[in-house]
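An overview of the molecular structure
Residue strings, one per chain:
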Amino acid sequence: MPDTRSTDARQRELLRALNANWQAEIEGLRTYQTLAEREQDPLRKRTLEHLAEAEGIHASLWEKRIQDLGGDPPVYKGKATGRADSLANRLGGPKMTLRRLEIDESRDIARYAQQLKDLGDEPSIAILKRVIDDEEEHYRELSDLIRNRYPRQATESTPKDARLQLDELLAKRANSGRRTAGWIGDAIYGVNDGLGAIFGIVSGVSGATLGNSEAVLLAGIAGMIASALSMGSGAYLAAKSEREIYEAEVSRERDAIQTNGPEARELLSLYYQVKGLPEEDADRVVDHIAKDSEQFLRAIASERLNSTEDALSNPLTSAVSGALSTAVGSIIPIIPFFFMSGYPAVIASAIISLAAHFAVGAAKSLITVRSWWSSGLEMTLVGAIEGAVTYAIGIGLGHIHV
């Protein structure tokens, strides 16, 4: 007599797995739909819509199998916009969102591959094989989008109208401004630089003076001012130089167009062909663009320099952001010395500094694809080593008598 309890348990486990698959596909559907609605480049938009449609088909397959097994109709429990509006994706920007989705697709492929071995249900396995093939194609399409290439699926369905082609290829200019990820990255870098530098100074001076609050405050505040000014001026000069280099390169491109216009047209056409457009369509797009000399210059400069003027940093904004973020990071290690002295102040400074290192490391996950805890632990370890080394050096220097 078969063990009905064991059979029921396997059935419940199978239904849980299929329901989780359905949830994941619906979340993917909502994510790609949201990203497609916000995308201004029609070719990229078409790719995202294709990905959303495929996720919807997968969800339908899982829902039907769940019903065939007698399970309750699945109910979506995620956000209406899927993962598109998660904090990490909002701060990281569209390109970082696509990178996260690319990683998610690879994880889904691995998860489904494991289910091929675990589910033990032939109809579900048949669905898995189809879904895995589609997910592998999704991974390749996302990889193309991330690397600014147009996936084959999008270019094969591209209308032949040259005016529409022109709009599609120039639409990216409307979305080429400086990304949030750049600003957040600069701020995190500034906080980290100030925190690391002043934590080292505070540790060293504390070791040399046994936590004398006056000496630590004097050294810490002086270091904070110097670090903030250095970071601010460095950011200003870097942004200014970047803008000057861009303007010089654009000037060279203008001269090249005036000297040899046909060669410039051929070059721009080749750029578009590399991105997936057929040669004939690319040539027609270039012909339309070239009717406006300034528009042609902007288009070829965008491709040649992989940037636009709108994407360049504002020198003053970079200076203020760099200086303020560095000052914020710098003040953290010296806060305890305003209220206490000696070893208690040293210990308190180490605790809040290491906590700040972890927070900064975790914040980096907003603009990277690493997990927040591993990034935070890495920063904490680096801070701990830095503090221990500089504290030991400080103790050694404190015992040197001139």
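Note that this is a predicted model, so its numbers are computed, not measured. (Residues numbered from 1 in each chain as written. Predicted model: local features only at pLDDT ≥ 70, side-chain atom pairs only at ≥ 80, totals over all residues. Heavy atoms only, no water.)

1. Section: the overall build of the protein
Within the protein, the regular secondary structure consists of 14 helices and 0 strands. When its helices and strands are written in sequence order, the protein yields α-α-α-α-α-α-α-α-α-α-α-α-α-α. Per-residue burial over the protein gives 44% buried out of 402 residues. (Helix = DSSP H or I, 4+ residues; strand = E, 2+ residues; numbered from the N terminus. Buried < 20%, exposed > 50% of the residue type's maximum accessible area, 1.4 Å probe, protein only.)

2. Side note on the nonpolar core
Within the largest apolar cluster, 30 residues are counted, with the highest numbers of intra-cluster contacts made by L18, W22, Y32, L48, W62 and L98. Looking at this core, the elements that each hand over two or more residues are helix 1 (4-38), helix 2 (42-68), helix 3 (87-118) and helix 4 (122-146). Per-element tally for this core: the top contributor is helix 1, with 9 residues. Apart from the residues lying within four places of it in its own chain, the contact partners of L98 are R44, L48, L142, L145 and I146. The next biggest cluster of nonpolar side chains, apart from the first, holds 19 residues, and it includes Y246, L268, A290 and A299. (Core = buried A, V, L, I, M, F, W, Y, C linked by side-chain atoms within 4.5 Å. Contact = heavy atoms within 4.5 Å.)

3. Focus: the confidence of the model for the protein
Across the protein, pLDDT averages 79, with 83% of residues at or above 70. Per-element mean pLDDT across the protein ranges from 46 in helix 6 (residues 162-170) up to 88 in helix 2. Here residues 168-181 is a poorly scored stretch, pLDDT under 50, and it has 39 contacts once near neighbours within four places are set aside; other chains count. (pLDDT = per-residue confidence, 0-100.)

4. Quick notes on the UniProt feature "transmembrane region" (unreviewed entry) in the protein
Per the UniProt record, "transmembrane region" (unreviewed entry) is found at residues 215-239, 316-339, 345-367 and 379-400. Secondary structure content for residues 215-239 is 100% helix and 0% strand, and the end C-alpha separation is 36 Å. With 91% helix and 0% strand, residues 379-400 has its two end C-alpha atoms placed 32 Å apart. (UniProt positions renumbered as here; feature names shortened; annotations may be inferred.)

5. Some points on the packing of aromatic side chains
Taken as a whole and assessed by the stated rule, the structure comprises 1 aromatic pair. We note R111 situated over the ring of Y112; from NZ or CZ to the ring centre the distance is 4.7 Å. (Phe/Tyr/Trp six-rings, centres within 6.5 Å; stacked < 30°, edge-to-face > 60°. Lys NZ or Arg CZ within 6 Å of the ring centre and 35° of its normal.)

6. With respect to the environment of L119
With respect to the helices, strands and loops of the structure, L119 is situated in the loop between helix 3 and helix 4. Between the C-alpha atoms of L119 and L15, which are 104 residues apart in sequence, the distance is 9.9 Å. Setting aside residues up to four positions removed in sequence, L119 forms contacts with L14, A17, L18, S124 and L128.

7. Remarks on a nonpolar patch on the surface
A cluster of nonpolar side chains, L210, I221, I225, L229, I335, F338, F339, M340, Y343, I347, I351 and I352, forms an exposed patch at the surface whose accessible area comes to about 1200 Å². Mapped by element, the contributors of at least two residues to the nonpolar patch are helix 8 (213-259) and helix 13 (342-364). With 4 residues, helix 13 is the single largest residue contributor to the nonpolar patch. By the element assignment, F339 lies in the loop between helix 12 (315-331) and helix 13. (Patch = residues over 30% accessible without salt bridge, like charges linked within 9 Å, V, L, I, M, F, W, Y side chains within 5 Å. Areas by Shrake-Rupley, 256 points an atom, 1.4 Å probe, with all protein chains shown as cover. Salt bridge = Lys/Arg side-chain N within 4 Å of Asp/Glu carboxyl O.)

8. Here we look at the side chain of S213
With respect to the helices, strands and loops of the structure, S213 is situated in helix 8. For S213, a relative accessible area of 18% gives the class buried. In this structure S213 touches F337, M340 and S341, once residues within four positions along its chain are discounted.

9. Details of the pattern of salt bridges
Taken as a whole and judged by the stated rule, the model has 13 salt bridges. The salt bridge partner of K64 is D68, with a shortest N-O separation of 3.2 Å. Residue K64 and its partner D68 are located together in helix 2, separated by 4 residues, close to a single helical turn. By relative accessible area, D68 is classed as partly exposed at 47%. Here D121 ties to R65 by a salt bridge, and the two come within 2.9 Å at their closest N and O atoms. Within this pair, whereas D121 is found in the loop between helix 3 and helix 4, its partner R65 is found in helix 2, the two being separated by 56 residues in sequence. On the accessibility criterion, D121 (12% relative accessible area) is buried. A relative accessible area of 12% places R65 in the buried class.

10. Overview of the environment of K79
Within the fold, K79 resides in the loop between helix 2 and helix 3. Apart from the residues lying within four places of it in its own chain, the contact partners of K79 are R30 and D85.

11. Notes on the packing of helix 9 (residues 261-274) against helix 10 (residues 279-289)
Running from N to C, helix 9 and helix 10 cross one another at 130°; their axes reach a closest spacing of 9 Å. One way to sum up the angle between helix 9 and helix 10 is to call them oblique. Handedness of the helix 9/helix 10 crossing: right-handed. The residues of helix 10 that touch helix 9, namely those facing R265, L268, S269, Y272 and Q273, are E279, A282, D283, V285, V286, D287 and I289. Residues of the contact of helix 9 with helix 10, tallied by class, amount to 6 nonpolar, 2 polar and 4 charged. (Axes fitted to C-alpha atoms, helices over the stretch in contact; angles between N-to-C directions. Parallel < 35°, antiparallel > 145°, perpendicular 65-115°, else oblique. Left-handed = near helix turned anticlockwise from the far one by under 90°. Nonpolar A, V, L, I, M, F, W, Y, C, P; charged D, E, K, R; others polar.)

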